[in-house]
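So the chains spell out like this:
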Amino acid sequence: MADTKHNGTAAYDLASNGKVDGDGTGQNGYKVIGTRPVRPDGVDKVTGRAVYAADVQMTGLLHGKILRSPHAHAHIRSIDTSKAEALPGVRAVVTAADLPVAEDKIEDLGEGAINLKYLSDNILAHEKALYHGHAVAAVAAISPHIAEEAVSLIDVDYDLLPAVMTVDDALADDAPILLDTLRTDAMGEIGAQPTNLASFFRHQRGDLDAAFADAHLVVERAFRTETVHQGYIEPQAATALYSADGQITIWTSTQGSFAVRGQVAEILKIPVSRLKVIPTEIGGGFGGKINVYVEPVAVLLSQKAGYEPVKIVMNRADVLAATGPTSGSNIRVKIAVDVNGKITAGLAELYYEAGAYPGSPVGAAANVSLAPYAIDNLQVDGYDIVVNRPRSAAYRAPGGTNAAFAVESVVDELAEKLGMDAADFRILNGAKEKDRRPDGVQYARIGQIETVQAIKNSRHYQTSLEGKYRGRGIASGYWNNWGGQSSATAALNPDGTVNLNEASTDIGGTRASISMQLAEALEIGYEQVKTRVVDTDTVAYNDVTGGSRTTFATGWAAYDLGQKLKQEMKRRLADVWDVSPQDVSYEDGIFYAGDESLPFVEAANVVQREEPLMASSTVHPQDFGPGFSTQCVDVEIDPETGKITILRYTIAQDVGKAIHPSYVEGQMQGGVAQGIGWAINEEYIYDDEGHLLNASLLDYRMPTALDLPMIDTILVEVPSPGHPYGVRGVGEVNIVPPAGAIANAVYDATGVRMDKLPISPANLLEAMWAKEAEAAGKPVPGDD
Amino acid sequence: MANKTAVETTLNGEETTFLCEPRQTLLEALRDELGLIGSKEGCGNGNCGACNVLLDGVLVNSCLVLAPEIEGRSVVTIEGIAEDGELHPLQQKFLEHASLQCGICTPGFIVSSKALLDENPNPTEHDVRLWLAGNLCRCTGYDKIVRAVLDVAQNNA
């Protein structure tokens, strides 16, 4: 039975929120889990003392700047750096010619595999500039201003090529080819001709054609979504420092210090043993801080500048033009139902723009697409397509939002045509334990239907919405989550505190959620655990903070450390008390054997009189549970301007067990805010030649506080069977449903079904005018 | 290389003199010349608010002010918000409400919220959202930030 907790606006009690209020769950007897303590790194972050990547300072520091291509697609004939090198204060200039020759080999160095040749080419363009903003050269100088001047003195001779900007451009018969050596990989079969289609795959089961032929009702629609960016507020920054013995230290803002180490090692052909990566505090990532951009360039510049340290801080325009974004896409969805409203067949065709190199998240998108539904006859096709846009990077549930927008729009239309309530339709068709994901993987215990029930029962859904141009929509979403590898150590202090060293960079309060799991395991207070995020020399390999895995997997390592410390403490106390270790028990923070007893704090001292006590843990948990979320939104449309106002928003999410409920709610609210931006405003705007026109935070319009209401959260706790505390990843699935939910609300408000994102004022007005013209029997404006 | 100019100012209540290039922004001077790294650069053109400081009590984007412009004026940065080793109520409530995730925007939000409460000690939710519309946060969806500010205001009342 799912336990649901409603944190609605009306019921929200300002005075009690945020306090350490004992067992926040009221169940399972947890002492620490379920409470809301202040995070260990909090004070530094509210006082301005926390050190982020751009804050790193050291004596003799040089400043690097990167020259970027002003063209979307061009051959680089030559690069003349002589004027830049002659500028006083300049210490080094590098181009791709300074990079080692990269191997034509595919490796997974973070989240997703990439050919090392492409990885290197994205750092500094070799023969071609493949997008507006592609790095072509870099300078190190004694001040950032001099470096900037020097960059402007570099002459690059370009031979312009036609820009290939969209799926349709790229797949046209006469399309210019971006990568001469690229051949289509169609499920292992390699094509013969140069192409922009990097790969194709198909998941299928049942008899699709028969199911569509026998259907009571079929809805088929085509959709387009635009490129969007993760929008982390801290631009990428890194500092490289050589030591006289050839050791290299890199400070950087990253989701994965080991991922940085691996990528820099491969790109620069340096053994990992010579690289130490120190993760600074990280100012947001959302998937966009896994790929390296500036780290190898800083090392390269340092080498060429006589091994002086070099820092590179990106500016916002470069961040938007050259890092991140996630794929724009063309999607076709066709779903059939029988007379009872049961889905009998589903088809999704997903065409994803990978950017300049293969590797869009279309694979993950395929699994998201029809995941919330139990469907016997199914086909999902995925196409990974290169275009002259920046190399796409992971973005929170990568690929999921696009696919769910399309599927949830069609599902809403089916429910409407059947005359069914949108929630009831989703409950009738909801996937549950033993049903299969689009790729065939069978679900263990999941909470999809529970999230729909939670929305259906919410005050929000139960309260009717009045008013013209107002509408309500709901949508569901799925995300796979991830386990990954984590390592950590715990040293027991003689005063009964524990120092926990782990390597998962803390983007959203994970030091707290990891500390809490060790405290729970040891039955000690949260404040007795001090969790630090350490560098790559201090613990063993650790995967990125991504895939919603950190509280799950690194938290598991913390649990494991607790068990190990407890066991060793029992063994040592048995020696002290002259009993066998099995006779020592531990309860409520006190060790017992016969008449002997010792509280944890005193035991910590006693057991370390002869020998210090430290534990280490490495984990690779496989049974991470997937996450589901169903969301409800009310919107109001301004018919004059097309602007959408979000009136009310409620999220129900299957969160497994919420370790720190405030940070779980924060993940849900933050993911939804990003999804709202994606749905109604955010997009990369290019001209016909492929120049990015909106590389600023004024024109790339992310939601502000004024654009959003309070976002209500319903934590549906379906404990994951794959974790000792039932933890499920909570970071990503929340961004999957918003675009679909908002599109459905817009339909409810206006009668217009939007077939593209963003539902920006201009796009919505055009669609509304087209509908009015159609209703009046007039030609549709703009439709030649 | 540009000549440096001396600037006399009151910084977080202390009389301070520093050298900077005329082309350096206040944000650069704070971070690179004065070692005050709490003000952050998220955009460099006044759109994100991560560098917000108070200049003679008025909220400004320090990336849009040239450092020599603060000659003879008073600047308060995030480093000057806590007094006598005690966190400001806004800092305390941001912690209690889990109003920060990555924390990069937090200094700017706290400085901006202080400016709001200095001017309007009892803002409505709408007042808070309107005032903070110049500060971008990508992690939280603003919910817990707005609640923290309203909580401080409620305690003011």
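These numbers come from a predicted model, not from an experiment.

*Asks:* Could you give an account of the domain arrangement of chain A, naming the residues involved and the relevant values?
*Replies:* Residues and elements named next belong to chain A. In terms of domain boundaries, chain A breaks down into domain 1 (53-161 + 234-283 + 289-322), domain 2 (329-481 + 625-775) and domain 3 (483-619). Here the C-alpha centre of domain 2 lies 36 Å away from the C-alpha centre of domain 1. Summing the contributions of domain 1 and of domain 2, the shared interface buries around 1800 Å²; its carbon and sulfur component is 59%. For the interface between domain 1 and domain 2, the tally reads nine residue pairs in polar contact (both at pLDDT 80 or more). Where the side of domain 1 that touches domain 2 is concerned, the elements lending two or more residues are α3 (116-123) and α9 (316-322). The greatest single-element share of the side of domain 1 that touches domain 2, amounting to five residues, is contributed by α9. Class assignment for the residues of the side of domain 1 that touches domain 2 results in 12 nonpolar, six polar and three charged.

*Asks:* Would you mind going over the sheet that holds strand β3 (residues 74-80) of chain A in detail, with residue names and values included?
*Replies:* All names here are of chain A. Ordered in space as β7-β3-β9, the three strands form an open sheet in which the pairing is antiparallel. Two strands bound the open sheet, and with one partner strand each, they are β7 (128-129) and β9 (155-160). Bridge count between β3 and β9: six bridges; the pairing is antiparallel. Bridge assignment links Ile79 to a residue of β9, and that residue is Val156.

*Asks:* Got a sec to walk through the packing of aromatic side chains? Specific residues and values, please.
*Replies:* Residue and element names in this part refer to chain A. Counting across every chain of the model gives 19 aromatic pairs over all chains. Judged by centre distance (6.1 Å) and plane angle (75 degrees), the ring pair of Phe552 and Trp556 falls under edge-to-face. On the criterion of helical spacing, the pair formed by Phe552 and Trp556 is a turn pair, its members being four residues apart in helix α16 (residues 550-577). On the numbers, 6.2 Å between centres and 45 degrees between planes, the contact of Tyr684 with Tyr686 is tilted. Above the plane of the ring of Phe212 lies Lys334, whose end atom (NZ or CZ) is 4.3 Å from the centre. For Arg549, the ring lying beneath its charged end belongs to Trp482, and the centroid distance is 5.7 Å.

*Asks:* Describe the environment of Phe286(A), listing the residues and the values that go with them.
*Replies:* Relative to the helices and strands, Phe286(A) is located in the loop between β16 (275-279) and α8 (295-304). The class for Phe286(A) is buried, based on a relative accessible area of 12%. As a C-alpha pair, Phe286(A) and Ala238(A) span 48 residues in sequence and 18 Å in three-dimensional space. Ignoring sequence-local partners within four residues, the contact set of Phe286(A) consists of Gln230(A), Tyr232(A), Gln255(A), Ala394(A), Tyr395(A), Arg396(A), Gln674(A), Arg138(B) and Cys139(B).

*Asks:* Tell me what's going on with the sheet that holds strand β19 (residues 343-355) of chain A, and back it up with residues and numbers.
*Replies:* All names here are of chain A. Here we have seven strands laid out as an open sheet, ordered β11-β10-β12-β20-β19-β18-β13, and mixed in their pairing. Among the strands making up the open sheet, the edge pair consists of β11 (189-190) and β13 (217-225). Where β13 lies against strand β18 (residues 329-337), nine bridges are found, and the strand directions are antiparallel. Looking across to β18, one finds that Thr225 is bridged to Ser329. The strands that helix α11 (residues 400-418) touches are β13, β18 and β19; relative to β13, the one it contacts most, it runs at about 150 degrees.

*Asks:* Hey, could you go over the domain arrangement of chain B for me, with residue numbers and the actual values?
*Replies:* Residue and element names in this part refer to chain B. Each assigned domain of chain B is listed here: domain 1 (5-80) and domain 2 (89-156). Its C-alpha centre places domain 1 at a distance of 21 Å from the equivalent point of domain 2. Tallying the contact residues gives 12 residues for domain 1 and 12 residues for domain 2. Roughly 990 Å² is buried in total at the junction of domain 1 and domain 2, and carbon and sulfur atoms are behind 67% of that figure. Its largest share of buried area at the contact with domain 2, domain 1 owes to Leu54, Leu59 and Ile78, together 43% of the area lost on that side. Seen at the junction of domain 1 and domain 2, the total is zero salt bridges. Our enumeration of links across domain 1 and domain 2 arrives at four residue pairs in polar contact (both at pLDDT 80 or more). Element by element, the count of residues in the side of domain 1 that touches domain 2 is highest for strand β3 (residues 52-55), at three residues.

*Asks:* Go over the packing of helix α2 (residues 89-96) of chain B against helix α5 (residues 143-156) of chain B, please, and point to the residues and values.
*Replies:* The relative placement of two packed helices comes down to the angle between their axes together with the axis-to-axis distance. Residues and elements named next belong to chain B. Direction vectors running N to C along α2 and α5 enclose 135 degrees, while the axes themselves pass 9 Å from each other. On the basis of their axis angle, the class for α2 and α5 is oblique. Between α2 and α5 lies a crossing whose hand is right-handed. Residues Pro89, Leu90, Lys93 and Phe94 of α2 touch α5, and the partners they reach there are Ile145, Ala148, Val149, Asp151, Val152 and Asn155. Split by residue class, the contact of α2 with α5 holds seven nonpolar, one polar and two charged.

*Asks:* Lay out the nonpolar core with the relevant residues and their values.
*Replies:* Soluble globular proteins: nonpolar side chains tend toward being buried together. One finds Leu350(A), Ile644(A), Ile742(A) and Phe94(B) to be the most contacted residues of the largest nonpolar core, which totals 193 residues. Residues in contact with Leu350(A), not counting those within four places in the same chain, are Asn330(A), Ile331(A), Val362(A), Ala365(A), Ala366(A), Val380(A), Asp381(A), Gly382(A), Tyr383(A) and Ala403(A). Of all hydrophobic cores here, the second largest spans 44 residues; its members include Met516(A), Phe591(A), Phe600(A) and Ala615(A).

*Asks:* Tell me what's going on with the interface of chain B and chain A, and back it up with residues and numbers.
*Replies:* Listed as interface residues are 53 residues of chain B and, on the opposing side, 66 residues of chain A. Three residues, Gln101(B), Arg138(B) and Arg147(B), lead the burial of chain B against chain A; their summed loss comes to 18% of the area buried on that side. Measuring nitrogen to oxygen at the nearest pair gives 2.5 Å for the salt bridge that ties Lys40(B) to Asp55(A). For the side of chain B that touches chain A, the secondary structure elements donating two or more residues are α1 (26-33), α2, α3 (106-119), α4 (125-131) and α5 of chain B. At seven residues, the largest contribution of residues to the side of chain B that touches chain A is made by α5(B). Residues of the side of chain B that touches chain A, tallied by class, amount to 24 nonpolar, 14 polar and 15 charged.

What counts as what
- Residues numbered from 1 in each chain as written.
- Chains lettered and ligands numbered in written order.
- Predicted model: local features only at pLDDT ≥ 70, side-chain atom pairs only at ≥ 80, totals over all residues.
- Heavy atoms only, no water.
- Domains from an automatic or database assignment.
- Buried area = accessible area lost by both parts, 1.4 Å probe.
- Polar contact = N/O pair within 3.5 Å; in protein donor to acceptor, adjacent residues only side chain to side chain.
- Helix = DSSP H or I, 4+ residues; strand = E, 2+ residues; numbered from the N terminus.
- Nonpolar A, V, L, I, M, F, W, Y, C, P; charged D, E, K, R; others polar.
- Pairing = 2+ DSSP bridges.
- Phe/Tyr/Trp six-rings, centres within 6.5 Å; stacked < 30°, edge-to-face > 60°.
- Lys NZ or Arg CZ within 6 Å of the ring centre and 35° of its normal.
- Buried < 20%, exposed > 50% of the residue type's maximum accessible area, 1.4 Å probe, protein only.
- Contact = heavy atoms within 4.5 Å.
- Axes fitted to C-alpha atoms, helices over the stretch in contact; angles between N-to-C directions.
- Salt bridge = Lys/Arg side-chain N within 4 Å of Asp/Glu carboxyl O.
- Parallel < 35°, antiparallel > 145°, perpendicular 65-115°, else oblique.
- Left-handed = near helix turned anticlockwise from the far one by under 90°.
- Core = buried A, V, L, I, M, F, W, Y, C linked by side-chain atoms within 4.5 Å.

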